Amino acid sequence: MSECSSKGTCGKSSCEGCSQNTAKGPQSMQVKENAHSRVKKVIGVVSGKGGVGKSMVTSLLAVAMNRKGYKTAIMDADITGPSIPTAFGLNDHAVANDDGLLPEVTKNGIKVMSLNLLLEDQTDPVVWRGPIISGTVSQFWTEVCWGDVDYMFVDMPPGTGDVALTVFQSLPLAGIVIVTSPQELVSMIVTKAVKMAEMMNVPVLGIVENMSYFVCPDCGKKHFLFGTSHIEKVAAEHGISVIDYLPLDPKMAALCDEGKMEEAPEGLLEKMSSSL
Ligand SMILES: Nc1ncnc2c1ncn2[C@@H]1O[C@H](COP(=O)(O)OP(=O)(O)OP(=O)(O)O)[C@@H](O)[C@H]1O
C-alpha cells in the first residue's frame, strides 16, 4: 500500500473520503517485494482450465526472453500442481540466507521459485486450504530475494479462483497472457479470463493457442486434431491479439519431461518473445 503523507498529523479514524487516500482498487492490496528484489515486469500466464499447456507456455516465454539476453525469472504460483522445476530439471532444494529465500537457477540462468523446491519430497501432495496456498504465493514475492529481473513470468493455477485472485491483487502485474487449447469451450473460458483481468485493471497481452495442430512427421501435412480454431474470432471480440499457435508436438512433451525446456527449438519462440 502507498504510504500516507499525513501520517502522524491526521486525527481521522478511517481513510475513507480522505484526499490523501490515492490508492485505488486492486493496487491497494499489493504486497511489498523483498528488499533484495528489483523486478521490472511481471507477466501472469493464465488458463481457464487445467492441462492446456500453461506451464509449457510459461516456460517457453521465459526461455525466449532469456535467449534475448533479458534477466528472466519464473514464479510457480501453481502451488498444488507445480511443474516448472521438472521442466527445467531442477531437483535441488532452494536455500535461504538472512535476507530471505534464494531462487534456484536453471542451466542458462532463469531464476525459479516453486513449492516443489521447498518440499522434502517432490511427490508429497500439498493438502492445504486456500488461504494458506494464497499466502504462499504472496510470500514468493515478499520473502524471495529475486535480485535484478527484467521479466518475471508467473505460472498461475488454472481458473479464476482464490490463488489467481491473490496474484492479481498482490503482485504488480504488467499484463497477462491467456493460454487455451482448441477443444476448450474457448469463448466462455477466454471471456472469463478477460473479464477477470478487466476487473483487476490488468491488460491482456494476448492469447496463445496451444496444441493447435499436429504436423505429420511423414508427409509434413498440418492436421487440426481438435477441429477448426475459433480463437481469432473470440480474440477479435475482446480486442486482443492471438500471439501464437503452438503445435501438439511429442518432442515438446519429451523436452518438458526430461527437464530440457531450454533446448526448445528457436522457431517456437520467435512470435512469443516479440509480442512482449
Ligand atoms: N504443445 C504441446 N505438445 C506436446 N505436449 C504438450 C504441449 N503442451 C503441453 N504439453 C504437455 O501436456 C501436459 C500438460 O501441460 P502443462 O503442464 O503445461 O499444462 P498446464 O495447463 O500447466 O496444466 P496444469 O493445469 O496442471 O498446471 C504436459 O505433460 C506437457 O508436457
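Only a predicted model underlies this, so the values are computations on that prediction, with no experimental measurement involved.

Trainee: Would you mind showing me how to read unusual backbone geometry here?
Mentor: Glycine aside, residues mostly have negative phi angles, and peptide bonds mostly take the trans form. For asparagine 201, which is not a glycine, the phi torsion comes out positive at approximately 65 degrees. Assignment of secondary structure puts asparagine 201 in the loop between helix H5 (186-199) and strand S9 (204-215). Taking the relative accessible area as the measure of exposure, asparagine 201 reaches 62% and is therefore exposed. The backbone of methionine 211 shows a phi angle near 55 degrees, a positive value even though the residue is not glycine.

Trainee: I would appreciate a short explanation of the side chain of aspartate 78 in the present structure.
Mentor: Of note, aspartate 78 is situated in the loop between strand S2 (72-76) and helix H2 (84-87). Take aspartate 78: its relative accessible area is 9%, and that puts it in the buried class. A polar contact is formed between the side chain of aspartate 78 and the side chain of lysine 54, at a distance of 3.4 Å. If we ignore the near neighbours within four places in the chain, the residues touching aspartate 78 are Lys54, Asp155, Met156, Pro157 and Pro158.

Trainee: Please clarify how the layout of surface pockets should be interpreted in this entry.
Mentor: Rolled over the atoms, a probe as big as a water molecule pinpoints where empty space is left. If you add up the space inside the largest pocket, you get close to 410 Å³. In terms of lining, the largest pocket is formed by 26 residues, of which the most central are Gly53, Lys54, Met56, Asn210 and Met211. Elements with a minimum of two residues in the lining of the largest pocket: helix H1 (54-67), H2, S9, strand S11 (242-247) and helix H7 (250-257). Looking at which element gives the most residues to the lining of the largest pocket, the answer is H1, with 5 residues.

Trainee: In this structure, what is going on with the site of the ligand? I would like to understand it.
Mentor: Close to the ligand lie 16 residues; Ser55, Met56, Asp78, Asn210 and Pro247 are nearest. Contact distances for the ligand include 3.1 Å between an oxygen atom and a backbone N or O atom of glycine 51. For the ligand, an oxygen atom lies 3.0 Å from a polar atom in the backbone of glycine 53. Taking 630 Å² as the accessible area of the ligand by itself, protein coverage stands at 78%.

Trainee: Could you clarify how one ought to interpret the confidence of the model for the chain in this entry?
Mentor: Low-pLDDT portions of the prediction should not be read for the details of their coordinates. Across the chain, the average pLDDT comes to 85, with 89% of residues at or above 70. Under a pLDDT of 50 for its full length, residues 16-27 has, in the predicted model, 12 contacts with residues more than four places off or in other chains.

Trainee: Could you clarify how one ought to interpret the environment of methionine 199 in this entry?
Mentor: By secondary structure assignment, the location of methionine 199 is in helix H5. Since its relative accessible area comes to 62%, methionine 199 is described here as exposed. Taking C-alpha positions, methionine 199 is 9.8 Å from phenylalanine 168, a pair spaced 31 residues apart along the chain.

Trainee: Help me understand the packing of helix H3 (residues 130-142) against helix H4 (residues 162-170) in this model?
Mentor: Geometry of a packed helix pair, given as the angle between the helix axes and the separation of the axes. Contact geometry of H3 with H4 gives a least axis separation of 9 Å together with a crossing angle of 35 degrees. Our pair here, H3 against H4, has a crossing hand that is right-handed. On H4, the residues that touch Gly130, Pro131, Ile133, Ser134, Val137 and Ser138 of H3 are Asp162, Val163, Thr166, Val167 and Ser170.

Definitions and limits used
Every residue gets a number counted from 1 within its own chain, in the order that chain's sequence is written. Per-residue local features of the predicted model are confined to residues with pLDDT of at least 70, and side-chain atom pairs are confined, for both listing and counting, to 80 or more; whole-chain, interface and lining totals are unaffected and use all residues. Note that the side-chain values use all heavy atoms of the structure and ignore hydrogens as well as water. Helix numbers and strand numbers start at the N terminus; a helix is a DSSP run of H or I with at least 4 residues, a strand a run of E with at least 2. Exposure categories follow from relative accessible area, calculated using a 1.4 Å probe and restricted to protein chains: below 20% of the type maximum is buried, above 50% is exposed, and the middle band is partly exposed. Definition of a polar contact: a pair of N or O atoms within 3.5 Å, with one able to donate and the other able to accept a hydrogen when the atoms are protein atoms, and with sequence-neighbouring residues admitted only if both atoms are side-chain atoms. In what follows, residue pairs with any heavy atoms lying within 4.5 Å of each other are defined as contacts. A pocket here means an open set of points on a 1 Å grid, computed over the protein atoms alone, that has protein on both sides within 12 Å along at least five of seven lines. A cavity is instead a set of points where a 1.4 Å probe fits but cannot get out; residues with an atom within 4 Å of a point line either one. Grid points are joined across faces, edges and corners, and a volume is the space filled by probe spheres set on the points. Each residue is tested against the molecule or strand, and it is near if at least one of its non-hydrogen atoms lies within 4 Å. Each accessible area value is a Shrake-Rupley result obtained with a 1.4 Å probe; residue values ignore everything except the protein chains displayed when judging cover. A score from 0 to 100, pLDDT tells how confident the predictor is in each residue. Note on definitions: angles span 0 to 180 degrees between N-to-C directions of axes, and those axes are lines fitted to C-alpha atoms, for helices only across the stretch in contact. Left-handed describes a crossing whose near helix is turned anticlockwise from the far helix by less than a right angle; the clockwise case is right-handed.

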